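Here is how the chains run, residue by residue.
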Amino acid sequence: MPAPTLPASSSTGSIPVTTPRPTREREAVKLQDTIHRFRPSKAFQNITQGSEITSLDFDDKGEYCIAAADDETLQLYDCVAGKHQKALFSKKYGCHLAKFTHSSSNVIYASTKGDDTIRYLSLHDNTYIRYFRGHRRTVNSLEVSPVDDQFISASHDDTVRLWDLRSPNCHGILNITAPSLATFDPSGIIFAVACHQASSIMLYDLRNYDKQPFTTFTVTDDSFLSSFSYPPRMPPWSKLEFSNDGKHMLLGTRGHAHYVIDSFAENTAKFLFRVHRPRGPTSPNKTETSGDVCFTPDGRYIIGGQGERGVSVWDTAMPPDEKKTLKPMADLAENGRSMASTVAFNPRTNLFASAHKEVIFWLPEQHAPDPPQSPQR
């Protein structure tokens, strides 16, 4: 990628309770020494029976986790105390894709009914700070800049919009040929737009977003998917994320593979490897989920929700097979104990969360046995 120059009271299940503590000792532990020992630590059952969690997010300090559910509630969790802090309701407009701003007391989220406004909410007193109007259909992608108060949204109205938290008006708009996904790179001056229908990922300089993308990757994988469809076509894309060093992009799909792509490739997508998702039954969600696969903060591992299979881990340092396919290194939960349709990793501590009908915090257990290895398929 020829990148531009950078400028100068909880309700718990039967899972034993373990409280995450962001101590120096915990921070000093390398993830490679603990990743295979993560186990469900605490479960929170705070949403209406029969409803599902559709998105998860952590604040910058890793102290809080926010979950959006299709029962039109936002659920706030204290990661340090290991408890549910409060529920906030959005019955009139629904809620999805809740994201922390750079303040742990404020979030933005997308409406799911009534209108397609993005709402800026104070968690402290449950009041709206601002409304961001412009999209004409449901927002399916929402991301806050890692460096400032800008954020980006993509919608089923085939537009990508750029916003600033300090203004209700969008300051940039891209018309795309079909619904897309959008995300920032770690520098905050590049953003990527992935369009499944166009089979492409486009990279833009935020300072010249009204120009053509400076790089466009054509993304196809006919050889791997030819047995699933004819003519060959990649399954629907569900997630786009940069690694923290900006070198790789993770492209999540609704099918049986995710993809790790070299961000610095020229003209066409260079698959470093496919992340293989074993076949297995999953419960369809009423609302499209966000974040069912994500990088760990060090960029080495990929955590993915596998529906009834629970959570799997892929080690990107392991060599892929001759077809450039990387199998999971381990399944962290077996026998459907911890169903997961969405996941998120804490940016500051050795904790990640998964969710489906409940939110589960995962922590490494020092004396836990090795998890079962995923079968090679």
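Residues numbered from 1 in each chain as written. Predicted model: local features only at pLDDT ≥ 70, side-chain atom pairs only at ≥ 80, totals over all residues. Heavy atoms only, no water.

Observations regarding the UniProt feature "repeat: WD" (unreviewed entry) in the protein
Cross-referencing UniProt, the feature "repeat: WD" (unreviewed entry) maps to residues 132–167 in the present numbering. For the annotated span residues 132–167, helix accounts for 0% and strand for 56% of the residues, and the straight-line distance between the end C-alpha atoms is 8 Å. (UniProt positions renumbered as here; feature names shortened; annotations may be inferred. Helix = DSSP H or I, 4+ residues; strand = E, 2+ residues; numbered from the N terminus.)

Things to note about the packing of aromatic side chains
According to the stated counting rule, one finds 13 aromatic pairs in the structure shown. Ring-pair connections join several aromatic residues into one group, and the members of that group are Phe-38, Phe-345, Phe-352 and Trp-362. The residue whose ring lies beneath Arg-119 is Tyr-93, and the NZ or CZ to ring-centre distance is 3.5 Å. Looking at Arg-119, its charged tip hangs above the ring of Tyr-128, at a distance of 5.9 Å from the centre. (Phe/Tyr/Trp six-rings, centres within 6.5 Å; stacked < 30°, edge-to-face > 60°. Lys NZ or Arg CZ within 6 Å of the ring centre and 35° of its normal.)

Brief notes about unusual backbone geometry
In this structure, Asp-158 is a non-glycine residue whose phi angle is positive, near 70 degrees. By the secondary structure assignment, Asp-158 is in the loop between β11 (150–155) and β12 (159–164). In this structure Asp-158 comes out as partly exposed when scored by relative accessible area, which is 25%. Within the chain, Lys-324 stands out as a residue other than glycine whose phi angle is a positive 60 degrees. With respect to the helices and strands, the residue Lys-324 is situated in the loop between β24 (311–315) and β25 (325–326). (Buried < 20%, exposed > 50% of the residue type's maximum accessible area, 1.4 Å probe, protein only.)

Some words on the pairing of strand β27 (residues 342–345)
Residues Thr-342 and Ala-344 of β27 are buried on one face, and the alternating residues Val-343 and Phe-345, pointing to the opposite face, are buried as well. As paired elements, β27 and strand β28 (residues 352–355) share four bridges and run antiparallel to each other. When the bridges of β28 are listed, Thr-342 appears paired with Ala-355. With antiparallel pairing between neighbouring strands as the criterion, β27 and β28 make up a hairpin whose turn holds six residues. (Pairing = 2+ DSSP bridges.)

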